[in-house]
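Now for the letters of each chain:
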Amino acid sequence: MTSGLFISFEGGDGAGKSTQLARLGDWIEQATTREVVRTREPGGTAVGRTLREVLLHGQDLGPRAEALLFAADRAHHVDSLIRPALERGAVVLTDRYLDSSVAYQAGGRTLPPQEVEHLSLWATEHLLPRVTVLLDLDPVHLAARVAVDPDRLEREELEFHVRTRQAFLDRAAAEPRRWLVVDAARPKDDIAEEIRDHVAPLMEAAR
Ligand code: TYD
């Protein structure tokens, strides 16, 4: 379908996804002639930024409404930004994607995981990343790294974040060909190198 390469970054709040995404993007641009598109969920599009405000800083929502809004953000993100970029042959790096919904809305909020996954697969017409990098960190450490003004999900109790982490790890174990699990407690340079080593061989193949 596409000649691009789709990579997602997942993990708990404050595990260092954005830093590692930026570093990988810079490296790809420097080492190749590929177009790199950096994006995120929720809020990778203009509509998505409105949904992000509602989801992270709006009134409390029930788990189903929350899951539907994340899926709506994702549907529009894929349709208007990710798929066109992949069709142009770009490397698309996204800070969070479908696995965040399964980890947070199923693992965290305890909705049935298969239903949450199917909702996102429907929303994205089954577009999955070639690689998903999990920056894995014990939520005890995550707490220390989150912002001064935590959003609706960051405010959840530790148990919520423990379930979320476990959901990510379970998904990674079930689909090892797609996932790269990285210990996010290691030095940033080492992590960047590990991710680069994993992605480098795919750059040629995807061209
Ligand atoms: P964000 O501000 O992007 O930062 P960080 O990834 O560093 O936490 O946070 C987005 C929040 O939304 C985060 O707490 C995870 C949550 N989220 C979901 O619950 N479900 C989803 O499908 C996505 C994409 C994010």
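See above for the structure.
Nothing here was measured: the structure is a model prediction, and the numbers come from that model. (Residues numbered from 1 in each chain as written. Predicted model: local features only at pLDDT ≥ 70, side-chain atom pairs only at ≥ 80, totals over all residues. Heavy atoms only, no water.)

**With respect to the side chain of Glu 66**
1) Next: Secondary-structure assignment places Glu 66 in helix α3 (residues 63-88).
2) Next: Not counting the four nearest positions on each side in its chain, Glu 66 is found in contact with Leu 55, Leu 61, Gln 105, Arg 109, Arg 152 and Leu 153. (Helix = DSSP H or I, 4+ residues; strand = E, 2+ residues; numbered from the N terminus. Contact = heavy atoms within 4.5 Å.)

**Describing the site of the ligand**
1) Next: Contacts to the ligand come from 17 residues, most closely from Asp 13, Lys 17, Arg 52, Arg 96 and Ser 101.
2) Next: Interatomic distance of 2.6 Å between a side-chain N/O atom of Lys 17 and an oxygen atom of the ligand.
3) Next: At 2.6 Å, a side-chain N or O of Ser 101 approaches an oxygen atom of the ligand.
4) Next: Alone, the ligand offers 540 Å² of accessible surface; in the complex the protein occludes 92% of this.
5) Next: Looking at the shell around the ligand, the elements that each hand over two or more residues are α2 (46-57), α3 and α4 (98-108).
6) Next: The element best represented in the shell around the ligand is α4, accounting for 4 residues. (Near = heavy atom within 4 Å. Polar contact = N/O pair within 3.5 Å; in protein donor to acceptor, adjacent residues only side chain to side chain. Areas by Shrake-Rupley, 256 points an atom, 1.4 Å probe, with all protein chains shown as cover.)

**Focus on the nonpolar core**
1) Next: Ile 7, Phe 9, Leu 24, Leu 93, Val 133, Leu 135 and Ile 195 are the most contacted members of the largest nonpolar core, which totals 22 residues.
2) Next: Secondary structure elements with two or more residues in this core: β1 (5-11), α1 (17-31), β3 (91-95), β4 (131-136), β5 (179-183) and α8 (188-206).
3) Next: Residue contributions to this core peak at 5 residues, all from α8. (Core = buried A, V, L, I, M, F, W, Y, C linked by side-chain atoms within 4.5 Å. Buried < 20%, exposed > 50% of the residue type's maximum accessible area, 1.4 Å probe, protein only.)

**A few points about the packing of α2 against α3**
1) Next: Packing of α2 against α3 leaves a shortest axis separation of 9 Å and a crossing angle of 160°. As far as their axial angle goes, α3 and α2 are roughly antiparallel. The handedness of the crossing between α2 and α3 comes out as left-handed. Here α2 contributes Val 47, Gly 48, Leu 51, Val 54 and Leu 55 to the contact with α3, which in turn contributes Glu 66, Leu 69, Phe 70, Ala 72, Asp 73 and His 76.
2) Next: Among the residues forming the contact of α2 with α3, the class breakdown is 7 nonpolar, 2 polar and 2 charged. (Axes fitted to C-alpha atoms, helices over the stretch in contact; angles between N-to-C directions. Parallel < 35°, antiparallel > 145°, perpendicular 65-115°, else oblique. Left-handed = near helix turned anticlockwise from the far one by under 90°. Nonpolar A, V, L, I, M, F, W, Y, C, P; charged D, E, K, R; others polar.)

**Side note on α3**
1) Next: Counted at 1.5 Å a residue, the expected span for α3 with its 26 residues is 38 Å, and the 36 Å between its end C-alpha atoms agrees.
2) Next: Among all positions of α3, only Glu 66, Ala 67, Phe 70, Ala 71, Asp 73, Arg 74, His 77, Val 78, Ile 82, Arg 83, Ala 85 and Leu 86 are buried.
3) Next: Note on α3: the residue one or two positions beyond its end, Gly 89, has a positive phi of about 95°. (Expected span 1.5 Å × (residues − 1).)

**A word on the sheet that holds β5**
The strands making up a sheet associate through backbone hydrogen bonding, with each pair oriented either parallel or antiparallel.
1) Next: Taken in spatial order, the 5 strands make up an open sheet running β2-β3-β1-β4-β5, and their pairing is parallel. Of all the strands in the sheet, the pair left with one neighbour each is β2 (36-40) and β5. For this sheet the average axis-to-axis angle between neighbouring strands, irrespective of direction, equals 20°.
2) Next: For β4 and β5, the ladder comprises 5 bridges, and the chain directions are parallel. (Pairing = 2+ DSSP bridges.)

**Remarks on helix α7 (residues 158-174)**
An α-helical turn contains 3.6 residues, so a residue and the one three or four places further along point in the same direction.
1) Next: Taking 1.5 Å per residue, 17 residues should reach 24 Å; α7 reaches 25 Å between its end C-alpha atoms and fits that length.
2) Next: All of the buried residues in α7 are Phe 160, His 161, Thr 164, Ala 167, Phe 168, Arg 171 and Ala 172. Down the axis of α7, the sector holding all buried residues measures 130°, keeping them to one side. Exposed and oriented more than 90 degrees from the buried face of α7 are Ala 173 and Ala 174. (Arc of directions from axis to C-beta.)

**Quick word on the pattern of salt bridges**
1) Next: The full count for this structure, using the stated rule, is 17 salt bridges.
2) Next: Residue Asp 99 pairs with Arg 178 through a salt bridge whose shortest N-O separation is 2.8 Å. With Asp 99 in helix α4 and Arg 178 in the loop between α7 and β5, this pair connects stretches of sequence that are 79 residues apart.
3) Next: Of the residues examined, Asp 99 reaches a relative accessible area of 0% and is grouped as buried.
4) Next: For Arg 171, the salt bridge goes to Glu 117, with nearest N and O atoms at 3.1 Å. (Salt bridge = Lys/Arg side-chain N within 4 Å of Asp/Glu carboxyl O.)

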